[in-house]
Structure formats: structure tokens, C-alpha cells
Amino acid sequence: SSGINAEYGAARTHNYNVIAMGQHLDDLCESFFMSIFHNGLLRTMKANYTVTEGDLRVIRPLIYVRERDLRAFAETRHLPVIAENCPACFEEPKERHRVKQLLAQQELLFPKLAHSLQRAMKPLYSKHSVGMESRPMEGVNGTGDGNKENGLEEEDPDDMIFPNGCG
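Just so we're clear, the structure is a prediction, and the values are computed from it rather than from any experiment. (Residues numbered from 1 in each chain as written. Predicted model: local features only at pLDDT ≥ 70, side-chain atom pairs only at ≥ 80, totals over all residues. Heavy atoms only, no water.)

1. Details of the overall build of the protein chain
No. 1: If you tally the helices and strands in the protein chain, you get five helices and three strands.
No. 2: Reading the protein chain from its N end, one meets helices and strands in the order α-β-α-β-β-α-α-α.
No. 3: The contacts of the protein chain with a sequence gap of at least 6 include a subset with a gap of at least 24, amounting to 67%.
No. 4: Accessible area of the protein chain: about 10000 Å², with a carbon and sulfur share of 56%. (Helix = DSSP H or I, 4+ residues; strand = E, 2+ residues; numbered from the N terminus. Contact = heavy atoms within 4.5 Å. Areas by Shrake-Rupley, 256 points an atom, 1.4 Å probe, with all protein chains shown as cover.)

2. Some details on the sheet that holds strand β1 (residues 18–20)
No. 1: Reading across the sheet, the three strands line up as β1-β3-β2 and stay open at both edges, with mixed pairing between neighbours. The open sheet terminates on both sides in strands that have one partner only, identified here as β1 and β2 (48–50). Ignoring which end each strand starts from, the neighbouring axes of this sheet average 15 degrees apart. (Pairing = 2+ DSSP bridges. Axes fitted to C-alpha atoms, helices over the stretch in contact; angles between N-to-C directions.)

3. With respect to helix α4 (residues 94–109)
Count 3.6 residues to each turn of an α-helix, and residues three or four apart come out pointing the same way.
No. 1: With 16 residues, α4 should reach 22 Å at 1.5 Å per residue; the first-to-last C-alpha distance of 23 Å fits that figure.
No. 2: Residues of α4 that are buried sit in contact with α2 (25–39), α3 (67–76) and α5 (113–125). (Expected span 1.5 Å × (residues − 1).)

4. Description of the packing of α2 against α4
No. 1: At a minimum axis distance of 9 Å, the contact between α2 and α4 shows a crossing angle of 110 degrees. Classified by the angle their axes make, α2 and α4 are roughly perpendicular. In this structure, α2 uses D27, C29, E30, S31, F33, M34, F37 and H38 to contact α4, whose residues at the interface are E95, R96, R98, V99, K100, L102 and L103.
No. 2: Taken together, the residues of the contact of α2 with α4 break down into seven nonpolar, two polar and six charged. (Parallel < 35°, antiparallel > 145°, perpendicular 65-115°, else oblique. Nonpolar A, V, L, I, M, F, W, Y, C, P; charged D, E, K, R; others polar.)

Here it is as C-alpha cells:
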């Protein structure tokens, strides 16, 4: 994820120790499905994590907020609304857009879809989740329970692989 690495570098240059990202619930849902479709893994972006080097914390304070609510908030306050804000997606936003459309169609049939997905993803974006969602359940370090006490290192949650780098 070259975009996030640039943000890490900028934060370090200015001696910041926390980076607040603007992803919302819809972004996490889209990433969740893209990970399933393209990687076969139950993963999404973490809400809060410390980078491997230990000097930066990344937070996503808007993960419980729907995109449409953020848009409405911005419009009522005459703030600019950027249609696509994924740096990896500027050149090729088709995949994320396709998943966004798929979820919108399903939400017509299942009006509580976003709430249901939020509940389903909570163990995946939790600070205490350490990547178990991306490993086979059996034989994780011989224990099957995948936590730091068992020697598992936390993966960079922004290192999901999608077509054209769009994650």
C-alpha cells in the first residue's frame, strides 16, 4: 500500500504519532467483500492499530458512520464532497464501484444490511484482532486461536490485495 506508506512517512517527518483516516462503514463493507471475492479471506480495515514499527497509531473514527450521512453532513455545511477518495482507486475505481453497486442492490432487499455487516465485521476490525481472520482456523501456530501470546504478529491491515491496487 504505497499510499499509506506515504502517510506514515509524512507523519514521521512532522513527529505525529496518530494518523486519523476517513474511511466510513460503507468503505469497510466494500473492502470486506472485495477481500472475500479476490483473496478468499474474511478481512477488512482495522478501526485502530499500531504499525509494526510501533511509532504510529492509525485510527478510523468514522467506521460506524454511513457514507450517505457523511455526504449529507458535508452538504448542509457547504463542505466539498470528493466522489472517490481511495488513492489507489483514482486510476481504476471500477472494482470498488462494482461492489458498492452490489451492496446498494442488496440493501434494497435487506434494509438492515449495513447494520448486519457491521456486526459481522466487528471481530475483524477490532483492535484486539491480530490477523486471525486471514489465516486458516486449524493449526494456527499449532493452537488454532491466533493471538499475540501465541507468537502471531499483527499483519498490516491495509495490505489487502485487490485488482489494480484498489483496496
